[in-house]
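Residue-level structural notes
Take a look at the letters that make up each chain.
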Amino acid sequence: MNFDLQDLSGTFSTLDIVVSLSLSFVLSAIIGWVYRLTHKNVSYSQSYVQTLVMVGMVISLIMLVVGSNIARAFALVGALSVVRFRNAIKETRDVGFIFLVMAIGMTTGTRFYVLAIAATVAICLVLVLMSRFNWFKLDVQRQVVKVQVPPEPGYTAVVEDILVQFTKEFELVSTESVRAGALTELYYTAQLKAGKKPSELIAALSDVNTGQRVTVLTGYDQTDI
């Protein structure tokens, strides 16, 4: 019985392997540093950045294996389709970085080296500029106002009269019965008028809701009585 073992590594040279994997590592690492530089929230993860570099290199390897062989491409798609990722992406921009390193891995794996370098430089420059100059920032800051009042209908009108005095606009989001129906909790979104402070709004609402709980959330800050 004859066994015919064929090594297909000869379809690409050792130099192709070294250049593709090395370049994908360097470019993915640059993207990782740009991610670290432009990250502004507390959800930064070192393992996520390391994964970006690894994904770039793995995609480059996959593209070397696939080459121009359509049968291999479909085989790899079928094999990778069984993989399921259950970790939630914390920020939408994180998805963009994943697609970016995948694209760089594809270009280096298919030996479009100049395109990979040019794309990395151009896109990373755009990311740094957007972070540096804070592009597309919306300066409108809205608050969430939660007020607990007795269940009588008249209290809702009194609360909304105060919101008219302190806010440019407001909207009732929900009404919820709490403490087994002894109180009604009103949820509003609102935009404070210029010069008005959350503490002033809380004081005014506390005067009319019989001393029940009042909460104003502004972004990540919370004022509560």
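Under an unreviewed UniProt entry, the name given to the protein chain is DUF4956 domain-containing protein, and the source organism is Rhodococcus parequi.

Scanning the protein chain for helices and strands turns up 7 helices and 5 strands. From first element to last, N terminus to C terminus, the protein chain shows the α and β order α-α-α-α-α-β-α-β-β-α-β-β. Counting across all 225 residues of the protein chain, residues that qualify as buried make up 31%. Sequence-distant contacts, at least 24 apart, represent 68% of the contacts inside the protein chain between residues at least 6 apart. In the form shown here, the protein chain has an accessible surface area of approximately 14,700 Å², with 63% of it arising from carbon and sulfur atoms.

When its volume is computed, the second largest pocket comes out at roughly 400 Å³. What lines the second largest pocket is a set of 13 residues, among which Thr38, Lys40, Asn41, Arg93 and Asn134 lie closest to the centre. No other element matches the 3 residues that helix H5 (residues 113-132) contributes to the lining of the second largest pocket. A breakdown of the residues in the lining of the second largest pocket according to their chemical character gives 4 nonpolar, 5 polar and 4 charged.

Another point: the side chain of Ser20. If you trace the backbone, Ser20 turns up in helix H1 (residues 14-38). Taking the relative accessible area as the measure of exposure, Ser20 reaches 0% and is therefore buried. Separated by 2.8 Å, the side chain of Ser20 and the backbone oxygen of Asp16 make a polar contact. Here the side chain of Ser20 touches Tyr113 through a polar contact of 3.2 Å, side chain to side chain.

All right, on to a nonpolar patch on the surface then. A surface patch of nonpolar side chains, amounting to about 590 Å² of accessible area, comprises Leu125, Leu129, Phe133, Trp135 and Phe136. With respect to the helices and strands, the residue Leu129 is situated in helix H5.

The rules we used
Residues numbered from 1 in each chain as written. Predicted model: local features only at pLDDT ≥ 70, side-chain atom pairs only at ≥ 80, totals over all residues. Heavy atoms only, no water. Helix = DSSP H or I, 4+ residues; strand = E, 2+ residues; numbered from the N terminus. Buried < 20%, exposed > 50% of the residue type's maximum accessible area, 1.4 Å probe, protein only. Contact = heavy atoms within 4.5 Å. Areas by Shrake-Rupley, 256 points an atom, 1.4 Å probe, with all protein chains shown as cover. 1 Å grid on protein atoms, 1.4 Å probe; cavity = no way out; pocket = protein on both sides within 12 Å on 5 of 7 lines; lining within 4 Å. Points joined across faces, edges and corners; volume = space filled by probe spheres on them. Nonpolar A, V, L, I, M, F, W, Y, C, P; charged D, E, K, R; others polar. Polar contact = N/O pair within 3.5 Å; in protein donor to acceptor, adjacent residues only side chain to side chain. Patch = residues over 30% accessible without salt bridge, like charges linked within 9 Å, V, L, I, M, F, W, Y side chains within 5 Å. Salt bridge = Lys/Arg side-chain N within 4 Å of Asp/Glu carboxyl O.

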